Structures are given as C-alpha cells and as structure tokens.
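What follows is the residue order along each chain.
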Protein chains: 2
Amino acid sequence: MQNTISRRQLLSLVGKAAGGAAMYQAMSSLGFAAQSTYSGPLQLQGAPRNITVLVLGAGIAGLVAAYELRQAGYQVKVLEYNKRAGGRAWTLRGGDEYTELGGARQRCEFDQGHYLNPGPWRIPYNHHAVLDYAKRLGVPLEPFIQVNYNAYLHAKKAYGGKPQRYREVQADYHGYVAELLGKAVNQNQLDAPLTREDQERLLESLKSWGALDKDYRYLSSPLSSDRRGYDVSHGGGLMPASVPSKPLELKELLQSGLWQKLAAGSVQEFQSSIFQPVGGMDQIVQALYRQVRDLVQLNAKVSKIEQGADGVAVTYTDTDGDGAPRQVKGDWLLCTIPLSILSQIEIDAGQPLQDAIRAVPYENSVKIGLQFKRRFWEQDEHIYGGISYTDQAISTIGYPSTGFGHPGKGVLLGAYIWGPNAYEFGALAPQQRVQLALRQGAQLHPQYPAEFENGIAVSWNRVPFINGCFGAWTDELRAQHYSNLCQIDGRIALAGEHASYIPAWQEGAVLSSLDAISRLHARIKSKA
Amino acid sequence: MQNTISRRQLLSLVGKAAGGAAMYQAMSSLGFAAQSTYSGPLQLQGAPRNITVLVLGAGIAGLVAAYELRQAGYQVKVLEYNKRAGGRAWTLRGGDEYTELGGARQRCEFDQGHYLNPGPWRIPYNHHAVLDYAKRLGVPLEPFIQVNYNAYLHAKKAYGGKPQRYREVQADYHGYVAELLGKAVNQNQLDAPLTREDQERLLESLKSWGALDKDYRYLSSPLSSDRRGYDVSHGGGLMPASVPSKPLELKELLQSGLWQKLAAGSVQEFQSSIFQPVGGMDQIVQALYRQVRDLVQLNAKVSKIEQGADGVAVTYTDTDGDGAPRQVKGDWLLCTIPLSILSQIEIDAGQPLQDAIRAVPYENSVKIGLQFKRRFWEQDEHIYGGISYTDQAISTIGYPSTGFGHPGKGVLLGAYIWGPNAYEFGALAPQQRVQLALRQGAQLHPQYPAEFENGIAVSWNRVPFINGCFGAWTDELRAQHYSNLCQIDGRIALAGEHASYIPAWQEGAVLSSLDAISRLHARIKSKA
C-alpha cells in the first residue's frame, strides 16, 4: 500500500508544517478513496497452505484473479477457451486470423503497426484499478482523443447531408443557449431566486461562456469565429485579412439533431484525460498474462462445473487436442465466463445463482477497422484523433490517437454499431459489412473509395467465446438478480464486467474480480 | 505541393466514380484552403543566381526563411544573438544555464527527461504551417492535454479556498443554464421566433446537453453525477453502492467566478486535438536548425542595419569573441529580430517602418517550472495532464502531458503569469519567484512543500534577446502601423510573430516568414 503510506506521511507533514486548515484541505484533496471503489493494490494475507483455486477464463478478470491469488499464496489454475489470453481486451493486427460463428474466416491485412481493438479501446482517468495495473506492470499509456472539435457531426437529413464540424455545432449551440437565456434574464423573466447582482453575474458568465457580444447577442464576429472557426483564418505579413464565419441558424441547428453528441465528452467515462495503451488495448492483459502464463491452459472448453463439500471439479476439452473430456479439480473456483456462455454450461449451483446466470441478456456490437493508403483525415481535413458521429448505422468514425502526421497508411475505426443496426450488420458476411461501412463513411469522407485498402469486421454476437458484447442489466434485473449473481455459492464465485456496476468496461471486470477474490479469501480463511 | 496534387487527383476520382453530388461534397469537405492561410509547402521558383539574403535571428521565422530561401537557390547567411538557435521556442533541461537581464544566473536542476518550455508549449490543430514543418522534418508530436475535467478551478474567496474539480463546475454550470432556459421555454417566455415544435426540440436538447431530469430539473442524481462525479463511484461485485454527488448551489457558483475558465477549451487555439513535440517544444526548431546549421552564425549581436541601392550591410559583434565590430554584406535582408530589440538598433529604413518598429509595446509573461519527487497530482489526485486555474498570481498549474503513470519524478508548470502580476514576479529574484509559486500552488496542492525539489523561473521582460514576450498589438496600432511594418522597405523585409495576426504563436512567425520571403522573392525576381 505504498500510495496510502505516502499519503499518510504527507498529511502528517502538512499538519506539522501548515496547521489544521491546510491539513483539512490536504485531506479533502487527497481523499480519493471516498470517490473510488479502488483503494490501491490488494493485500490478501494469511492464505492457508495448499489451497487450489480454479479460475475459468483468462480475460482481464481471470488474469487479475490469477495474479493476485498466486501473490497471496494460493495454488492457481486457469482454463481459457481461446488460443490466446485477454478475452474481450483483444487487438487485431496484420496476420491475425479470426473465425466467427457461422464459419466466416477473416485474415487481418493491416500493415505493421496498425491495429483494431474490437473490444475496449479507451481507459477513463477514473478507472483507477485498470490504470494502476497498467502502471504496476509498466504498460505505457498515451492519450486517447475523445472529443475532436474539428471532427464531424453528420445527419443524413441535416444540411443536405453535408457534415458539420463539431466546433461549429458546439459554438453555435452554446452561443444560442446563452443568448436566449440572456434575453430571459434581461427581460426579468428568469424564474430563479437570484438577486439582481447574481443575475448580472449570470449575464456576465453567459457572455464569456457563449461568446456573446456586449449586447448579449450571438452573431458572426471574431468572437464567435474564435470558437467556430473563420472562413479565412488569420495569417502573417500581408496575407489576406481574416473573414469571420457565419453561425448556423438556430432553427436548423435544433432540427438537425446534431446537438445530440455535444455531451459525448462530458460524461465521466469520456472526459479528458482518457487513455489507451501504446500499441493496442491488449497490452495490459498481455502484461498480466506474462506474469501468470505458467498457470494458464489455453484452448480449454469448459463443459461442466461441479462442486461438493470438499472441492470443485471442472470438465473441459482441449480444442487443440483429441477432444476427449478431461477434468481438473480444485478447492475453490472463480468463474469469469460470460453469462451468455455460462448459461449454456452445466453448473452445480443453487437456484438463485442459476436464475441470475440465465437472467441477463447480452448486448451486441459491431466494430469495423478500415485501412487506407494515407491518413487523409489528417492531411486533407486536419482531423487528428477523436470521433465523428453520423446517424447512419456505422454511427462512429474513430480516428487513430497515435502516429499523428505520419506520412504512411492509417487505420480508422470505420464503424462502431449498437442496437438493431448491429444485428443487421452481423447478419452480413464480413466483407459485406466492410463494404457497407465504406459506403456510409464516404458520406463524411469522399476519399474512402480512392484510398481504401482492406478491412476487418467483428460482430460480437458471432464471437465464439461470448456470443454477445456485454451483460445488459436493467434496473429491474439488478434488483432481482445482481446480489445473487455476486454471492459466493458454496465454493464458487463469479466475476467479470457482468458482475459489476460498470458494465462493458474493463474496470468493472477488474473491480468485480478484486471484490470476488477478497470475499473468497475471507471465506477460505474462515473455513481453514 | 504534394497535398494539392493528391487532393486534385482525389477529386477527379470522386467525380468519375460517384458523380457531381459526391464531388461537391468532396470539394467542400476538402476545401481547407478556404480556411487556412497555409496552403502547403512553399514553391519559390526562378531565383536569380548569386543573390545573398541575410537573415537576422534564428528563431522559427528566421530558420524557416533560411531553409526555404536556400531551397529556392539563394545564398543565405543567418546571424543569431544567442548561443543557441530557436529563439522563444526554447526548452530548459537539466544542466542548462540561463542568465537573465540583471545578472541573475540559474542552472536548471531537473532530472533527465524533464523540461520546461518557457515560451510556446502547445501547437493547435489549425496551425497548419507549424504542423507541416513538424511532419516534413519528422518531428514526432503527442497530444497536449488542454482541458482536464479532473483538474481544479480555484478562487481564493470561493468555497473557502477549496479548489473545485473542472467537471463539477462545468456539469453544474451547464445544468443550471439548461434548467433556467428550460423554464423560460416551458413558461412561454422565450423571446425567439421558434415554433412550438422547435421549442420542443430545444427542450429535448437542453435535457440531453444539461443532464436534466424528465421535468427539466438539474438535481443530484446518477444523471448529473455521471458528469460531475459520484461521492462513491460504481464498483464491482458486492462493493458499496454508488452515491451520487450534490451539485454546487447556483448562487455560489455564479459568485465564485469559477465559470470564467469554462470556455478555455472552446477557443480554437485550445480546442482538442492540440499537440506538443515529444521531448520539448525546441524539437521543431532544432530539426530546422539541423537543416541550415552551416548558414547560421551564433553569438552575433547586431548593432547596425544599413541598406543602399546595391545591397545591405549588417554590423555585429561576436559576443563569444573579441567584441570588435564586424560587418556582413548581402543583397537583401530579412529581419526577424523582435521589435523590442530592433527598436534599439540603428536601421536604415523609411519613416513609416521606423515608426512601426517603435510603435508596438511588448507584453510580459513569467513561467516557472517546478520539479517534485513524485507525480503526486497523478498518484493522489488522478490529474493526468491538463491545467488547473487559480485567481492567484500564478494563474495556471500545468501538468505534464507525457509520462503518464510514471513512478518517478515530475515537473509541473508551476506558474504562467500575465499582466501586472508578471512584472511583480519579474521584479523578484528567481528563487523568490519559485518560492512564491510554491506558496500559491500549495493552496491547490498541499503536497508541494513535502515533495518539492527544485525550480527555475523565466520572466520574459528579463530575457536578454527580447526584453518581453510578444508584440502586443491593439486594433488602433494595427490600423496605423501593421501594413507599414510588413511592407518591404527598399531591400529589407521584417518577419516574426510581431508581423502577423497570430501574435505570440509560432504559427504567426512562420506564416509571416513565408509571406515575407514570398514577397521578397517576387521583388528580387522583378529586379533581376
């Protein structure tokens, strides 16, 4: 608990040096334990000897469990269905092959150095547990660009199908909102218990925040163009004089629906700063895997999970071997298999856990990576990283947050699809998905047809090890089943993003794993 | 003009493949020439033989000029006052020594890998010329984090001096603005020509953008806490349930003035994405310098600039030599010496240029770099890059946008001071500036006293090669003098950020240089 000690030492120093007020402030500003459910590296002490814990699944939850349980002194064995560790924390690179349910096989043709993360692709700053593992394992992180003011917002029916720049939509929306509220204040129509002085402060703030002129109007001017961009930018020497741009009309802006994405960077998970591991999202799980490699058996397809008074037994087949059923035994078991798969496996468990395992539906999602001959989004359009949004099925075009200005090729996230559209895309053959993403993306980037080289498409409902994307809890389902899913059932505990309040994120999987093994450890000690 | 050709080829391809509508869209979305005053690498053709251009100053303007003029076929000689090239694009690293006006000498004691950029420290995405030089010279860029939602906004008199997180202030400000405007709409008090349908759209947008509940209220709830943060965050397994946080009161928020910084990331120069060269801002000028090193004479202090019908002559002393005046002659001259210095040098020029040179006052600014034993802002407070703002004199605390999660030491920008405060800081001895920055910074980061190791402080009014920071044009001064400053006077042209509409930015210096040498080239050809 190095962090905790250094914080304590520090608080003591502050207290001595600067007295109580500074101490109070220090405590508040250091009090991140109050915010986070992660309070630093796990310290499991007093593990009984010769206890074996089986871990099912070598995704991030299973790998973290294996790493921590061995540190604590347990014997650990991990069974993993895939021929690789990492689960959904998966990175596709040139030469990788992937066969989906239904048999379609794709070979990733990206050039060296390029990749697609079909699963998680970013790590929020407040995902303390994942960040801490990256730090402890020496995995370098780089900023992921979420909001790019120069990226596009696009709707088929808005502005004749011509994409607008994020900066234009945001500047204009803020400007009009400020202007409209300013009018209400100035006309004494504000329904809020504010003194005249506070109303003046509100007006002042609206002017500053919304780029309003001295009369609280949002107009074409250097003030608004400093935010939305100029038609002709400022130059040097005797270059042509700058020309301010003209704001979008309020009415058309409201009708466009483009404002729907303005909050995309304001949600805590997407707030700057936000990160990605250098080289691909699998770098964290691969670093974990290197720590526990000797404990992990790949290609192990679990078919049965049994438990009794004395221990647990798991039946599996080696998918790379003779296909004959084998069995491994242990004292306790942590199962991180996604519920979409676990619900198809015979498991000895009480009815509440059985019901919980079968209760949670899985979302689907599709991601498509597209390699282009050059980084035209940077060279032609000055979009460096970030995301463009469209109301077409592809929904998202994600630009690489690395290799800025590189003269070579580039790989885009050409689609990130949710909901019914994901099932429609999933129903197509992989190369048809790619073609459709190209057609839709060309509405934002007409360079697509001339610059395209190759693509790869992952539809999560066809991914063999999960048949879906993540556990789609509803409030009702949580109230009924979540606690039952997480309680230790005899000698079995579950973990994974599906056993967390942070679904679909690695942080949820890691916190769930840490919580489950902490409780398992306590239970084991109490029984020893 | 590789970019232009590839754009043309592309448009032709699009036209053939997809017809006129796509072509139109392609043209619009590729039409960045309409936005930028930089249209790709300079192509100066037909330079007469054996023409020598003298360049005064090896900052970015002078280096770009030397690089481009030699490419064009000119003989070039550069005189630089400092013992290094780069001018204000300056990076201080461990071992560097710096003596300011007044004689105070500082030695930078940073550990290896850490640095302070006393001058420019970021490159906006729309500074196309600087970005293009970085690209052509192979200088790697990394994202500069401007807005960090987890950084602090601090005012001495607000919230008992306790800093607030940016995300809290922004979420709450947006929430209240949305709620207040929503009320005005719902009470039919909106003074805007919107149909009832558009008003409904406005309400819908306010709800989405401001995190309002179904009744258009901004309240403590998961909805607002998803943006401003939770008191207890979501966890995994059976960890404690999340607890939403409570918004700041509107009245107090308005009085705090903390909203003043909410537009800081909305101005085009600070919009994401924004960059820094890997390793320090001097990497671009150093890459340029490597290209023209043989043309540059360092330690050359210019004392007189003469011109006649046949050429120009510059008198200088070698500050590293015997101090005797020397003279270098040429046919034409590009002078990039800051006006604050040039106005003290004898120069043969017409009255309009003489007046312009003397007309422009220079701003002052102070930057202070502080090295700490550990990156406590990351470890304790989860602030990765970005900026905290305070209404104390230090104004800004800038966190490094690189080396995230590194277990070692860290260097902060501990102060970035403008206006009268800069002169007050500049009047102090360097180590007093550092001590004052430490005292003020400790109001945001109580770890300062325990973790501080060393610091360095640059007050630009005491920087010998400029005696100031940048040319502080007013609209009135521009109307009177700007054109005269930029016109070629006989055989002399001026360049630098002071000869641009983008003051204080490298982009202004580069565009000014490109414009000046283009006009100089045309003039030379016309006289040949």
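Conventions used here
- Residues numbered from 1 in each chain as written.
- Chains lettered and ligands numbered in written order.
- Predicted model: local features only at pLDDT ≥ 70, side-chain atom pairs only at ≥ 80, totals over all residues.
- Heavy atoms only, no water.
- 1 Å grid on protein atoms, 1.4 Å probe; cavity = no way out; pocket = protein on both sides within 12 Å on 5 of 7 lines; lining within 4 Å.
- Points joined across faces, edges and corners; volume = space filled by probe spheres on them.
- Helix = DSSP H or I, 4+ residues; strand = E, 2+ residues; numbered from the N terminus.
- Buried < 20%, exposed > 50% of the residue type's maximum accessible area, 1.4 Å probe, protein only.
- Pairing = 2+ DSSP bridges.
- Least-squares fit on C-alpha atoms with pLDDT ≥ 70 in both.
- Contact = heavy atoms within 4.5 Å.
- pLDDT = per-residue confidence, 0-100.
- Buried area = accessible area lost by both parts, 1.4 Å probe.
- Salt bridge = Lys/Arg side-chain N within 4 Å of Asp/Glu carboxyl O.
- Nonpolar A, V, L, I, M, F, W, Y, C, P; charged D, E, K, R; others polar.

**Describing empty space enclosed by the protein**
Right, so step 1: Overall, the coordinates contain six cavities of 30 Å³ or more when judged by the stated rule.
Right, so step 2: Estimates place the volume of the largest cavity at around 510 Å³.
Right, so step 3: V147 and S272 of chain A together with V147, Y149 and S272 of chain B are the residues nearest the centre of the largest cavity, which is lined by 36 residues in total.
Right, so step 4: Elements that contribute at least two residues to the lining of the largest cavity include exactly helix 4 (166-186) of chain A together with helix 4 (166-186) of chain B.

**Overview of the pairing of strand 16 (residues 312-318) of chain A**
Residues and elements named next belong to chain A.
Right, so step 1: Of all seven residues that make up strand 16, seven are buried, and the element is covered over most of its length.
Right, so step 2: The alternating pattern of strand 16 places V312, V314, Y316 and D318 and A313, T315 and T317 on opposite faces, both of which are buried.
Right, so step 3: Where strand 15 (residues 300-307) meets strand 16, seven bridges bridge the pair, whose relative direction is antiparallel. Considered in strand 16, the bridge of K301 is made with T317.
Right, so step 4: In sequence, strand 15 turns back onto strand 16 through a hairpin of four residues.
Right, so step 5: The pairing of strand 16 with strand 17 (residues 325-330) spans six bridges and is antiparallel. Looking at the pairing, V312 lines up with G330 of strand 17.
Right, so step 6: Taking the residues between adjacent antiparallel strands as the criterion, strand 16 and strand 17 are bridged by six residues, where G323 takes a positive phi near 80°.

**A word on the relation of the copies chain B and chain A**
Right, so step 1: When chain B is brought onto chain A, the operation consists of a screw motion whose angular component is 180° and whose axial shift is 0.0 Å, with 0.0 Å RMSD remaining. In symmetry terms, the pair is related by a two-fold rotation axis. Within chain B, the C-alpha atom positioned nearest to the axis of rotation is that of L181 of chain B, 2.7 Å from it.
Right, so step 2: The fraction of interface residues of chain B whose copies in chain A are also interface residues reaches 99%, indicating that both copies meet through the same surface.

**Here we look at the confidence of the model for chain A**
All names here are of chain A.
Right, so step 1: Of all residues in chain A, 93% have pLDDT values of 70 or greater, and the mean over the chain is 93.
Right, so step 2: Note that residues 1-21 has pLDDT below 50 and, in this model, 26 contacts with residues that lie over four places away or in other chains.
Right, so step 3: In the predicted structure, residues 23-34 sits below a pLDDT of 50 and forms 34 contacts with residues beyond four places in sequence or in another chain.
Right, so step 4: For this predicted complex, the interface score ipTM comes out at 0.93, alongside a pTM of 0.93.

**A short note on the interface of chain B and chain A**
Right, so step 1: Every contact between the two is made by 114 residues of chain B and, on the other side, 113 residues of chain A.
Right, so step 2: Between chain B and chain A, the buried area comes to about 9900 Å², and carbon and sulfur atoms account for 59% of it.
Right, so step 3: Connecting chain B to chain A are two salt bridges.
Right, so step 4: Among the salt bridges present, the one from D198 of chain A reaches K251 of chain B, with a minimum N-O distance of 2.5 Å.
Right, so step 5: Looking at which element gives the most residues to the side of chain B that touches chain A, the answer is helix 1 (residues 2-30) of chain B, with 12 residues.
Right, so step 6: Looking at side-chain class alone, the side of chain B that touches chain A contains 51 nonpolar, 44 polar and 19 charged residues.

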